[in-house]
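Chain by chain, the residues:
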Amino acid sequence: MSMLTIGGHDIRPGEAIKINLPVAKLYTDTDVSLPVYIVRSKKPGPTIFVSAAVHGDELNGIEVIRRLINMKRFKITSGTFIAIPMVNVYGVVNQSRYLPDRRDLNRSFPGSAKGSLAARLAHTFIKEIVAHCDYGIDLHTGAIHRSNLPQIRADLADEETLELAKIFGAPVLLHSNVLDGSLREAAVRNGTKVLLYEAGEALRFDEFSIRVGIKGIVNVLQHLKMLQKSRERKRKNEHYIAYSSGWVRANASGVVSHYFELGDRVKKGDILAEIGSPIGETLNKVKANKGGVIIGKQNIPLVQQGEAMYHIAFFKEHDEQVSERIGSLEEQTNAEDHEELL
Ligand SMILES: [Zn+2]
């Protein structure tokens, strides 16, 4: 099995180490580095990365990685597992989605060694981490004050990616084409199969999102034979695939009364919310323009006209089934003990 070198450190089969991957200093002359945790089995196998906080204010993924690698039964049985819990480390320091140069790291890949701060960080990440990997799971949340129902976004036209997406076991799979400059685009060009997990909202931990995330990574690692299954579980892993989605936007500016929540099924014409004036008049009703399941929602009860309020996924299957499945998964996931996930 070949030697793996990351940030000038040689990592041998059978080793588990934490390294600090240096990136540009702060102007305070403070060194900055990305914490990277690497586990290599003695037995050859695939290499996978799990990354979080490419957007620095998206914290759920950090907690997913922390809990995952602390699980007693987290023993990599083949291949190499690489965790990078804080990719946009500058954004994490500032509790911001962006880098200090106001760029979005997820639009700056593959980057370059002599480019902007964002481009340099992207370049380091591709060269030191992604270049070694067959697979990747990139953990995200909704933007600030916006919540996402746990969902996998991936190129579902690719057979193996679709299979992994199903195995992850999030309630909803959403086909999405790669965005220019995203980590996913650069990784796919490298030949790495990537799942993007979206769940919860920025700057918050959401327990359901964290648990579905941990379980999803465990499912994928077990499928790749990198983690042992401790016992066979006959659990139906139903998945609902959406090939399209759309936003419902505010048709007035005002104070919002929400009538629907994440995971709810809506029919065309349902009144999702009412927008009212500060003195209690109803200004407008916000209706669903197509039936589906709510997978994203704005949380601030104030809107301006045109603002995105609900993200609705459209399914070929019956929406009721999707919605019921989400409800039962939530109950089941919340009742489970962490160690039972393996
Ligand atoms: Zn994100």
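In case you missed it, the structure is sitting above this.
Residues numbered from 1 in each chain as written. Predicted model: local features only at pLDDT ≥ 70, side-chain atom pairs only at ≥ 80, totals over all residues. Heavy atoms only, no water.

Student: How do you make sense of the overall build of the chain when you look at a structure like this?
Tutor: From N to C terminus, the chain includes seven helices and 18 strands. Taken over C-alpha atoms, the radius of gyration comes to 21 Å for the chain, in line with the 20 Å a tight globule of 342 residues would show. With the principal axes as the frame, the chain shows a C-alpha extent of 65 × 55 × 35 Å. When burial is assessed residue by residue, the chain has 54% of its 342 residues classed as buried. Here the analysis covers contacts within the chain between residues at least 6 apart in sequence; of these, 71% occur between residues at least 24 apart. The average position of the 44 basic charges and that of the 41 acidic charges among the side chains of the chain differ by 3 Å. (Helix = DSSP H or I, 4+ residues; strand = E, 2+ residues; numbered from the N terminus. Rg over C-alpha atoms; globule rule 2.2 N^0.38 Å. Buried < 20%, exposed > 50% of the residue type's maximum accessible area, 1.4 Å probe, protein only. Contact = heavy atoms within 4.5 Å. Lys, Arg positive; Asp, Glu negative; His and termini not counted. Charge placed at Lys NZ, Arg CZ, Asp CG, Glu CD.)

Student: I tried to follow a nonpolar patch on the surface on my own but got confused; where do I start?
Tutor: Taken together, the side chains of Val255, Ile300 and Leu302 present a nonpolar region at the surface, about 230 Å² in accessible area. Within the fold, Val255 resides in strand 12 (residues 254-258). Given the relative accessible area of 37%, Val255 is considered partly exposed. (Patch = residues over 30% accessible without salt bridge, like charges linked within 9 Å, V, L, I, M, F, W, Y side chains within 5 Å. Areas by Shrake-Rupley, 256 points an atom, 1.4 Å probe, with all protein chains shown as cover. Salt bridge = Lys/Arg side-chain N within 4 Å of Asp/Glu carboxyl O.)

Student: Teacher, can you tell me more about the side chain of Glu201 here?
Tutor: Here Glu201 shows up in the loop between strand 10 (193-200) and helix 6 (207-223). A distance of 3.3 Å separates a polar atom in the side chain of Glu201 from a polar atom in the side chain of Asn299. Residues within four places of Glu201 in sequence aside, it is in contact with Asn60, Thr141, Gly142, Ala143, His145, Arg146, Ser147 and Asn299. (Polar contact = N/O pair within 3.5 Å; in protein donor to acceptor, adjacent residues only side chain to side chain.)

Student: Whenever I open this one, the packing of helix 4 (residues 159-168) against helix 6 confuses me. Can you help?
Tutor: Between two packed helices, the angle of one axis relative to the other and the distance separating the axes together describe the packing. For the pair helix 4 and helix 6, interaxial distance at closest approach is 8 Å and the crossing angle is 130°. Taken together, the axes of helix 4 and helix 6 lie oblique to each other. As for the relative orientation of helix 4 and helix 6, their crossing is right-handed in sense. Contacts between helix 4 and helix 6 involve Glu163, Leu164, Ile167 and Phe168 from the first element and Val212, Gly213, Lys215, Gly216, Ile217, Asn219, Val220 and His223 from the second. Of the residues in the contact of helix 4 with helix 6, the class split is six nonpolar, four polar and two charged. (Axes fitted to C-alpha atoms, helices over the stretch in contact; angles between N-to-C directions. Parallel < 35°, antiparallel > 145°, perpendicular 65-115°, else oblique. Left-handed = near helix turned anticlockwise from the far one by under 90°. Nonpolar A, V, L, I, M, F, W, Y, C, P; charged D, E, K, R; others polar.)

Student: What am I meant to see in the packing of aromatic side chains here?
Tutor: For any pair of aromatic rings, the description rests on two quantities: the centre-to-centre distance and the angle between the ring planes. Using the criterion set out here, one finds four aromatic pairs in the structure. Taking 5.9 Å as the distance between ring centres and 90° as the angle between the ring planes, the aromatic pair formed by Phe49 and Phe125 counts as edge-to-face. Of this pair, Phe49 sits in strand 5 (residues 47-52) while Phe125 sits in helix 3 (residues 117-128), and the two are 76 residues apart along the sequence. When sorted by exposure, Phe49 lands in the same class as Phe125, which is buried. Judged by centre distance (6.4 Å) and plane angle (75°), the ring pair of Phe109 and Phe125 falls under edge-to-face. Of this pair, Phe109 sits in the loop between helix 2 (89-94) and helix 3 while Phe125 sits in helix 3; the two residues are 16 residues apart in sequence, bridging distant segments of the chain. A residue is classified by how much of its surface remains accessible, and Phe109, at 5% relative accessible area, is buried. (Phe/Tyr/Trp six-rings, centres within 6.5 Å; stacked < 30°, edge-to-face > 60°.)

Student: Is there a simple way to think about the pattern of salt bridges in this case?
Tutor: A side chain with one charge may pair with a side chain of the opposite charge, provided their charged atoms come close. Overall, the coordinates contain 14 salt bridges when judged by the stated rule. Between Arg97 and Asp104 there is a salt bridge whose closest N-O contact spans 3.8 Å. Residue class for Asp104 comes out buried when judged on its relative accessible area of 11%. One salt bridge connects Glu185 with Arg189, and the closest N-O pair in it is separated by 3.4 Å.

Student: What exactly am I supposed to notice about the sheet that holds strand 17 (residues 302-303) here?
Tutor: Overall, antiparallel pairing links the four strands, which are arranged 15-14-12-17 in an open sheet. Among the strands making up the open sheet, the edge pair consists of strand 15 (282-287) and strand 17. As paired elements, strand 12 and strand 14 (residues 271-276) share four bridges and run antiparallel to each other. Across the sheet, residue Ser257 finds its bridge partner in strand 14, namely Glu274. (Pairing = 2+ DSSP bridges.)

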